[in-house]
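Results of the structural survey
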Amino acid sequence: MLYTNPRGIGCVECHGRFGEGQQIANYIHKRKGKTLQGPRINNLSFREFENALQKTKKVMPKYYLTSNEIEAIYKYLESIEKPQEY
Ligand code: HEC
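Residues numbered from 1 in each chain as written. Predicted model: local features only at pLDDT ≥ 70, side-chain atom pairs only at ≥ 80, totals over all residues. Heavy atoms only, no water.

Remarks on the environment of E13
- Looking at the secondary structure, you find E13 in helix α1 (residues 11–15).
- Placed 25 residues apart in sequence, E13 and G38 show a C-alpha to C-alpha distance of 8.8 Å. (Helix = DSSP H or I, 4+ residues; strand = E, 2+ residues; numbered from the N terminus.)

Quick notes on the coordination of the iron atom of the ligand
- For the iron atom of the ligand, the protein coordination sphere consists of H15 (NE2) and M60 (SD), at 1.9 Å.
- Every donor counted, the six donor atoms about the iron atom of the ligand form angles of 86 to 179 degrees at the centre, which fits octahedral coordination. Remark: M60 occurs in the loop between α2 (46–54) and α3 (67–80) and H15 occurs in helix α1; sequence separation between them is 45 residues.
- Since its relative accessible area comes to 9%, H15 is described here as buried. (Donors = N, O, S within 2.8 Å, 3.2 Å for Na, K, Ca; no water. Tetrahedral: all angles 85-135°; square planar, octahedral: opposite > 155°, others 65-115°. Buried < 20%, exposed > 50% of the residue type's maximum accessible area, 1.4 Å probe, protein only.)

Comments concerning the layout of surface pockets
- Empty space within the largest pocket amounts to approximately 490 Å³.
- Along the walls of the largest pocket sit 26 residues, with H15, P39, I41, K57 and M60 positioned nearest its centre.
- Breaking the lining of the largest pocket down by element, the ones donating at least two residues are α1, β2 (32–38) and α2. (1 Å grid on protein atoms, 1.4 Å probe; cavity = no way out; pocket = protein on both sides within 12 Å on 5 of 7 lines; lining within 4 Å. Points joined across faces, edges and corners; volume = space filled by probe spheres on them.)

Topic: the pairing of strand β1 (residues 22–29)
- Relative to β2, β1 runs antiparallel, the two sharing seven bridges. Residue pairing in the sheet places I28 in a bridge with G33 of β2.
- Linking β1 back to β2 in an antiparallel pair, the connection comprises two residues, with K30 at a positive phi of about 45 degrees. (Pairing = 2+ DSSP bridges.)

Observations concerning the packing of α2 against α3
- Here α2 crosses α3 at 130 degrees, and the two axes come no closer than 10 Å. With respect to α3, the element α2 is oriented oblique. For the pair α2 and α3, the crossing hand works out as right-handed. Between α2, through F46, F49, E50, L53 and Q54, and α3, the contact on the second element is made entirely by S67, I70, E71, I73, Y74 and L77.
- Among the residues forming the contact of α2 with α3, the class breakdown is seven nonpolar, two polar and two charged. (Axes fitted to C-alpha atoms, helices over the stretch in contact; angles between N-to-C directions. Parallel < 35°, antiparallel > 145°, perpendicular 65-115°, else oblique. Left-handed = near helix turned anticlockwise from the far one by under 90°. Contact = heavy atoms within 4.5 Å. Nonpolar A, V, L, I, M, F, W, Y, C, P; charged D, E, K, R; others polar.)

Regarding the site of the ligand
- Around the ligand sit 21 residues in total, of which C11, C14, H15, V59 and M60 are the nearest.
- Contact distances for the ligand include 3.0 Å between an oxygen atom and a backbone N or O atom of V59.
- Taking M60, its main chain carries an N or O atom lying 3.2 Å from an oxygen atom of the ligand.
- Counting atoms within 2 Å of the grid points, the majority share of the ligand lands in the largest pocket.
- Those elements that provide at least two residues to the shell around the ligand are α1 and α2.
- Residue classes in the shell around the ligand are distributed as 16 nonpolar, three polar and two charged. (Near = heavy atom within 4 Å. Polar contact = N/O pair within 3.5 Å; in protein donor to acceptor, adjacent residues only side chain to side chain. Sits in = over half its atoms within 2 Å of the grid points.)

What follows is the structure, given as structure tokens:
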């Protein structure tokens, strides 16, 4: 539940169903086509994952998740990961 809709904005919208990363949007900036990409997040260590969620990012909203919540999301991603596909 936290992964799909924490604080009303789902990680899934930008990082994909399994945290595999996905394209968020295409746009034009200074006449160049750009793509906004949500990075893959199902291959990080817990430490990297936690750090990423605690610092302010450029695009990603800051969630102020508790460490229990961060751990729950991390475990969720581990549990749904399908390693044979990668
Ligand atoms: C609006 C789109 C968006 C949403 C929603 C979002 N993210 Fe992100 N996330 C990004 C982008 C884009 C980056 C790359 C850094 C940046 O530019 O903000 C990122 C970076 C990350 C990273 C660091 C990846 C790395 O390789 O260091 C983690 C971990 C992460 N997000 C987890 C989450 C989790 C968990 C949630 C839900 C609580 C979430 N994100 C919601 C867009 C999003």
